[in-house]
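Residues per chain, in single letters:
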Amino acid sequence: MGAVGMFVGAFLFQTFVCFSGRGLENNELAVWLIEDVLEKDLTFTHRTYIWDSALCVFAESPIWGYGFFSIDWFRVHISTEGGMDNFIICHMIYGGIILLSLYTILVLKTLLRLIIIKDLTAMRLMAVFGVLCIMMLFEAYDTPLVFLLLTMMYYYPRQESFATLGDYVEERS
């Protein structure tokens, strides 16, 4: 339940905070929670400005995106010197809805496979990915790193190949 709760929390934050851009100032509950309870800046250190600018760029090419771009392209189009600071928004600009759909399908397939296993290690892997999803709300990690973790999670239940390897080693000794 905790791992699923992390995914739900990350999804809700992504939907209502990251995709709303600078619209948080108008929400009294968000202002109270972020400034009074968490004692943080309402813009999350100017990230909401970056997300808003990036979503405007995404709206210009939503299907295909822009591909992997240089820092010069980034400076011209995203009105900041820093990074994108959100994995999902970054990949929406890289590959548009197509890349976002592929990523979503891979994540859902992997998580459903782990849920079916009902193993303690599978639940731990889900929790690790849930924490990574929360971290990816504020940082854009390298794509190969995320897909490597998804690949390892997807192929985790393949224990029969390890048993076969162990039997092979015992036979050879």
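Now for a quick tour of the structure. (Residues numbered from 1 in each chain as written. Predicted model: local features only at pLDDT ≥ 70, side-chain atom pairs only at ≥ 80, totals over all residues. Heavy atoms only, no water.)

## Considerations on the packing of aromatic side chains
Going by this rule: Stacked, edge-to-face and tilted labels apply to pairs of Phe, Tyr and Trp rings (six-membered ring for Trp) whose centres lie within 6.5 Å, assigned for plane angles under 30 degrees, over 60, and everything in between, in that order. Note on conventions: DSSP H or I runs of at least 4 residues are helices, E runs of at least 2 residues are strands, and numbering of each starts at the N terminus. For each residue, the accessible area found with a 1.4 Å probe, counting protein chains only, is set against the maximum for its type, and the residue is called buried under 20%, exposed over 50%, and partly exposed in between. Whether a charge sits over a ring depends on NZ of Lys or CZ of Arg being within 6 Å of the ring centre and within 35 degrees of the ring normal.
Overall, the coordinates contain 11 aromatic pairs when judged by the stated rule. Relative to Phe138, the ring of Trp51 has its centre 6.2 Å away and its plane inclined at 45°; by these criteria the two rings are tilted. Here Trp51 is found in helix 3 (residues 47–60), whereas its partner Phe138 is found in the loop between helix 6 (120–135) and helix 7 (143–154), with 87 residues between them in sequence. Owing to a relative accessible area of 23%, Phe138 belongs among the partly exposed residues under this scheme. Summarising the aromatic geometry, the rings of Tyr66 and Trp73 are spaced 5.0 Å apart at their centres and angled 50° between planes, so their arrangement reads as tilted. By relative accessible area, Tyr66 is classed as partly exposed at 28%. Among the aromatic residues, those joined into a cluster by ring pairs are Phe13, Phe44, Trp51 and Phe138. Taking the ring centre of Tyr154 as reference, the NZ or CZ of Arg113 above it sits at 4.2 Å.

## Structural notes on helix 1 (residues 2–18)
Our working rule: To estimate how far a helix should extend, the number of its residues minus one is multiplied by 1.5 Å. Directions are taken from the helix axis to each C-beta atom, and the arc is the one they span. Residue contacts are counted whenever heavy atoms from the two residues lie within 4.5 Å of one another.
An ideal rise of 1.5 Å per residue puts 24 Å on 17 residues; helix 1 measures up with 22 Å between its terminal C-alpha atoms. All of the buried residues in helix 1 are Ala3, Met6, Phe7, Ala10, Phe13, Gln14, Val17 and Cys18. End-on view of helix 1: buried residues confined to an arc of 140°, all on one side of the axis. Of the exposed residues in helix 1, the ones pointing more than 90 degrees away from its buried face are Phe11 and Phe16. Packed against the buried residues of helix 1 are helix 3, helix 5 (87–117) and helix 6.

## Considering the pattern of salt bridges
Put simply, the test is: Salt bridges are counted wherever a side-chain nitrogen of Lys or Arg sits within 4 Å of a carboxyl oxygen of Asp or Glu.
For the coordinates displayed, the defined rule picks out 2 salt bridges. Asp85 is the partner of Arg47 in a salt bridge, and the nearest nitrogen-oxygen pair spans 3.8 Å. Of this pair, Arg47 sits in helix 3 while Asp85 sits in the loop between helix 4 (71–77) and helix 5; the two residues are 38 residues apart in sequence, bridging distant segments of the chain. The two residues Arg47 and Asp85 agree in class, both being buried.

## Here we look at helix 6
Since one α-helical turn is 3.6 residues long, residues separated by three or four positions face the same way. Relative to the 22 Å expected for 16 residues at 1.5 Å per residue, helix 6 spans 23 Å between its end C-alpha atoms, a close match to the ideal helical length. When we look at burial in helix 6, the residues that qualify are Ala122, Leu125, Met126, Phe129, Gly130, Leu132 and Cys133. Each buried residue of helix 6 sits inside an arc of 160° when the element is viewed along its axis, so together they form one side. The exposed set on the far side of helix 6, more than 90 degrees from its buried face, consists of Leu120 and Arg124. Considering only its buried residues, helix 6 is in contact with helix 1, helix 5 and helix 7.

## Focus: the nonpolar core
The cut-off we apply is this: Grouping buried Ala, Val, Leu, Ile, Met, Phe, Trp, Tyr and Cys residues that are joined through side-chain atoms within 4.5 Å yields what is termed a nonpolar core.
The biggest cluster of nonpolar side chains holds 45 residues, and the ones touching the most others in it are Ile78, Met84, Tyr103, Phe129 and Val146. Put simply, the parts of the chain that give this core at least two residues each are helix 1, helix 2 (28–37), helix 3, helix 4, helix 5, helix 6 and helix 7. It is helix 5 that contributes the most residues to this core, 11 residues altogether. Excluding residues within four positions of it along the chain, Tyr103 makes contact with Phe87, Ile88, Phe129, Met136, Val146, Phe147 and Leu150.

## Focus: the environment of Ala3
Relative to the elements of secondary structure, Ala3 occurs in helix 1. Taking relative accessible area as the criterion, Ala3 reaches 12% and is therefore assigned buried. For the pair Ala3 and Phe129, spaced 126 residues apart in sequence, the C-alpha to C-alpha distance is 8.4 Å. Residues within four places of Ala3 in sequence aside, it is in contact with Met123, Met126 and Ala127.

## Thoughts on a nonpolar patch on the surface
Just so we agree on the cut-off: A patch consists of residues exposed above 30% relative accessible area that lack any salt bridge, with like charges linked at up to 9 Å and nonpolar side chains (Val, Leu, Ile, Met, Phe, Trp, Tyr) linked at up to 5 Å. To measure how exposed things are, a 1.4 Å probe is used in the Shrake-Rupley method; for residues, cover is taken only from the protein chains shown.
On the surface, Val4, Val8, Phe11, Leu12 and Phe16 cluster together into a nonpolar patch covering about 490 Å² of accessible area. Within the secondary structure, Phe16 sits in helix 1. On the accessibility criterion, Phe16 (56% relative accessible area) is exposed.

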